[in-house]
Amino acid sequence: MRIDVLTVLPGLFDCFLKEGVIGKAISSGKVEVKVHNIRDFTTDKHRVVDDVPYGGGPGMVLKPEPIFRAYDELTKEGEKPYVLLTEPWGEKFNQEMAVELSKKPRLMIICGRYEGVDERVKSLVDREVSIGDYVLTGGELPAMVIMDAVLRLIPGVLGNLESLRADSFSDRGLLGYPNYTRPAEFRGMKVPEVLLSGHHKKIESWRKEQSLRKTLERRPEIIENLKRKGLLTKEELE
Ligand SMILES: N#Cc1c(-c2ccc3ccn(Cc4ccccn4)c3c2)n[nH]c1N
């Protein structure tokens, strides 16, 4: 997969693209992520990317020209990207969308700043996406959240064991099971016996029960949604 990111703050992505699972996936060539400074696609000597809003009002708006120039330049060759625009009021990002996006060969993520992008930029966009009902200062952190959730699903990025675990739980949006590690007792708090038993079938069923129970308690709508889609097995429904 290739992802092109358009932003006026490219430096925000430096650590994200160098460290951890995402950094390894990029350095090993499993995925390609290129961050482009929208300012590099301006033509004036002051490299202006924003302007005051028509009709008045607070703040500035990202101009359309530099973003269109970047899009035209970056799509001259190769497969056309599926274009995302991060927006406070976009479609809510979730695991289902992450799975869908992970199957695209190429993505482009346009990150707004200030009061957002000129409305005409949306003629380039396939999906306006929000990571939650709160307002951030720009679209870069949402872009990193989306990339993290999508790239971890690319085969080979997490390694087999992890991707197997992911398929059975988080890809259906179920909450995770409790994790423990040594010591077996810490300040009077013991690790559940089943996890020390070495009985893999019992451990797996305990973990599935914990995940379903936690999801039912905290996010009952996820269970209802899975029931409606027929994505819960008979045993899971019991
Ligand atoms: N995704 C997502 C987002 C954003 C987001 C995304 C892009 C931009 C571009 C500018 N701003 C600041 C802004 C916009 C509008 C009014 C005031 N302030 C953004 C915020 N906030 N919260 C989310 N879940």
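Residues numbered from 1 in each chain as written. Predicted model: local features only at pLDDT ≥ 70, side-chain atom pairs only at ≥ 80, totals over all residues. Heavy atoms only, no water.

Asker: Could you clarify how one ought to interpret the domain arrangement of the protein chain in this entry?
Answerer: Note: interface size is frequently given as the accessible area lost on complex formation between the parts. Domain assignment breaks the protein chain into domain 1 (2-151) and domain 2 (161-237). The straight-line distance from the C-alpha centre of domain 1 to that of domain 2 is 34 Å. (Domains from an automatic or database assignment.)

Asker: I keep staring at the site of the ligand and nothing clicks. Help me out?
Answerer: Taken together, the neighbourhood of the ligand is formed by 20 residues, with Gly112, Ser130, Gly132, Tyr134 and Leu136 sitting nearest. Residue Ile131 places a main-chain N or O atom 3.4 Å away from a nitrogen atom belonging to the ligand. Relative to its free-state accessible area of 510 Å², the ligand is covered by the protein chains to the extent of 91%. Counting only elements with at least two residues in the shell around the ligand, the list comes to strand S5 (82-92) and strand S7 (127-130). If one sorts the elements of the shell around the ligand by residue count, S5 sits on top with 4 residues. (Near = heavy atom within 4 Å. Polar contact = N/O pair within 3.5 Å; in protein donor to acceptor, adjacent residues only side chain to side chain. Areas by Shrake-Rupley, 256 points an atom, 1.4 Å probe, with all protein chains shown as cover. Helix = DSSP H or I, 4+ residues; strand = E, 2+ residues; numbered from the N terminus.)

Asker: How do you make sense of the packing of helix H8 (residues 200-218) against helix H9 (residues 220-228) when you look at a structure like this?
Answerer: The relative placement of two packed helices is expressed as an angle between their axes plus a distance between the axes. One way to put it is that H8 packs onto H9 with a least axis distance of 5 Å and a crossing angle of 110 degrees. As summarised for this structure, H8 and H9 are arranged roughly perpendicular, according to the angle between their axes. When H8 is examined against H9, the residues Leu212, Thr215, Leu216, Glu217 and Arg218 are found in contact with a partner set consisting of Pro220, Ile222 and Ile223. When its residues are assigned to classes, the contact of H8 with H9 shows 5 nonpolar, 1 polar and 2 charged. (Axes fitted to C-alpha atoms, helices over the stretch in contact; angles between N-to-C directions. Parallel < 35°, antiparallel > 145°, perpendicular 65-115°, else oblique. Contact = heavy atoms within 4.5 Å. Nonpolar A, V, L, I, M, F, W, Y, C, P; charged D, E, K, R; others polar.)

Asker: How should I be thinking about the sheet that holds S7 in this particular structure?
Answerer: Pairing between sheet strands relies on hydrogen bonds along the backbone, with the strands arranged either parallel or antiparallel. Spatially, S2-S1-S6-S5-S7 is the arrangement adopted by the 5 strands of the open sheet, whose pairing is parallel. Of all strands in the sheet, those with a lone pairing partner are strand S2 (32-37) and S7, marking the two edges. Within this sheet the neighbouring strands show an average axis-to-axis angle of 30 degrees, counted without direction. Looking at chain direction, strand S1 (residues 2-7) and S2 are connected through 6 bridges and run parallel. Following the sheet pairing, Asp4 is matched in S2 by Lys34. (Pairing = 2+ DSSP bridges.)

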